[in-house]
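# Per-entry structural report
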Amino acid sequence: MKFALSTNWCNRRLESGEEIADTALALGFDELELGFHTTEAQVAGFKARLDRIRVGSIHAFCPVPISAPQGYPELYALASLDEDARALARFHVTRNVAFASEMGARTVVLHAGRVPFATFFNRGFSSATLRQALEDAKGDLADRRYAKLLAKARTTRRERGLRYLEVFKAELDRLVPVLEKHGVVLALENLPYYEGFPDEEEMTQLAETFKGAPVQAWFDTGHHRVRDRHGWLSADDFQAARQADGRTVFRGMHLNDVVDYHDDHLPPGQGKVDFAALADLARSVEHVVLEPHSGVSATDLAQGLAHVRGLWEGGRQ
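These notes cover the structure that comes with them.

Here is what the cut-offs are and how they apply
Residues numbered from 1 in each chain as written. Predicted model: local features only at pLDDT ≥ 70, side-chain atom pairs only at ≥ 80, totals over all residues. Heavy atoms only, no water. Salt bridge = Lys/Arg side-chain N within 4 Å of Asp/Glu carboxyl O. Helix = DSSP H or I, 4+ residues; strand = E, 2+ residues; numbered from the N terminus. Buried < 20%, exposed > 50% of the residue type's maximum accessible area, 1.4 Å probe, protein only. Expected span 1.5 Å × (residues − 1). Arc of directions from axis to C-beta. Contact = heavy atoms within 4.5 Å.

## Here we look at the pattern of salt bridges
All told, the structure shown has 21 salt bridges when counted by the stated rule. Linking Lys47 and Glu102 is a salt bridge whose minimum nitrogen-to-oxygen distance equals 2.3 Å. Taken as a pair, Lys47 in helix α2 (residues 40-48) and Glu102 in helix α3 (residues 83-103) lie far apart in primary sequence, 55 residues in all. A relative accessible area of 36% means that Lys47 is categorised as partly exposed. Arg283 is the partner of Asp280 in a salt bridge, and the nearest nitrogen-oxygen pair spans 3.3 Å. With a gap of three residues between them, Asp280 and Arg283 both fall in helix α8 (residues 279-284), about one helical turn apart. Overall, the relative accessible area of 60% leaves Asp280 in the exposed class. A single salt-bridge network, built from bridges that share partners, covers Glu31, Arg54, Arg106 and Glu286.

## Things to note about helix α9 (residues 298-312)
An ideal rise of 1.5 Å per residue puts 21 Å on 15 residues; α9 measures up with 21 Å between its terminal C-alpha atoms. Listed in full, the buried residues belonging to α9 are Leu301, Gly304, Leu305, Val308, Arg309 and Trp312. Buried residues of α9, seen end-on, are gathered within an arc of 130° and therefore sit on one face of the element. Of the surrounding secondary structure, the elements contacted by the buried residues of α9 are β1 (4-6), α1 (17-27), β9 (250-255), α8 and β10 (287-290). Gly314, located one to two residues past α9, shows a positive phi value of around 65°.

As structure tokens, this is what we get:
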């Protein structure tokens, strides 16, 4: 099993692509995922190290667009009801697909967008509202107030999600020929908020619609736990989902450990994600990427890599 490092860990700390690649190699990683904090200036260095460490995946939007003040995975939303917003996102996704091909990467990871579930009478209603209500309930999913809020959010989110799903399918139809031309898969990541699109049920529908096409899901371990702890999962068996030919719907994984309710991006073993239970899923995907936050030390990162290697490879360090 090959393990990749998301360069988001050190893109803003190390200036050159060569130094980032050399650091990943020294820590024991086999591949890189170029993160959304990657700059144009760093690309040449990554190219110079391709003979030593390959780039397996690109996390949109990468490199940081010249027009953007900084890297962010949701600079543009392909899942939007605004036609101009979709056109801009389509342009940048197409650019990222071409860049991935140029780097020899097989996959572009994408945050597709968000489905707001605020209402006319409750404009402030959001994931933050639900988080606060659950915190007030001391984490009790059965708390009456929280259950009532979640039921209200679920109804609106599902209804509005249908509209987003239809326009998003049309966008994917336009992108499939581009993906096929470049030999790249677009992987749609599960997101750690209730507005996140696609949710588990929507992703299952997309997998069925685009079976055989270069469109798959991307599983973030921490995002899944955050959704689970808040009661936001729309399909409990999503991890076991399979395409018609028996393959997993997932293209890859971000290994992101979390304590409970927040997107912590800790190294494996420092939170509460049950990585041992994810061994079969990890063995079935194309990419396994550690995605720690920038404050994680090199020592802790190396320990996290050793932790999952020990769980999934029978003790290899």
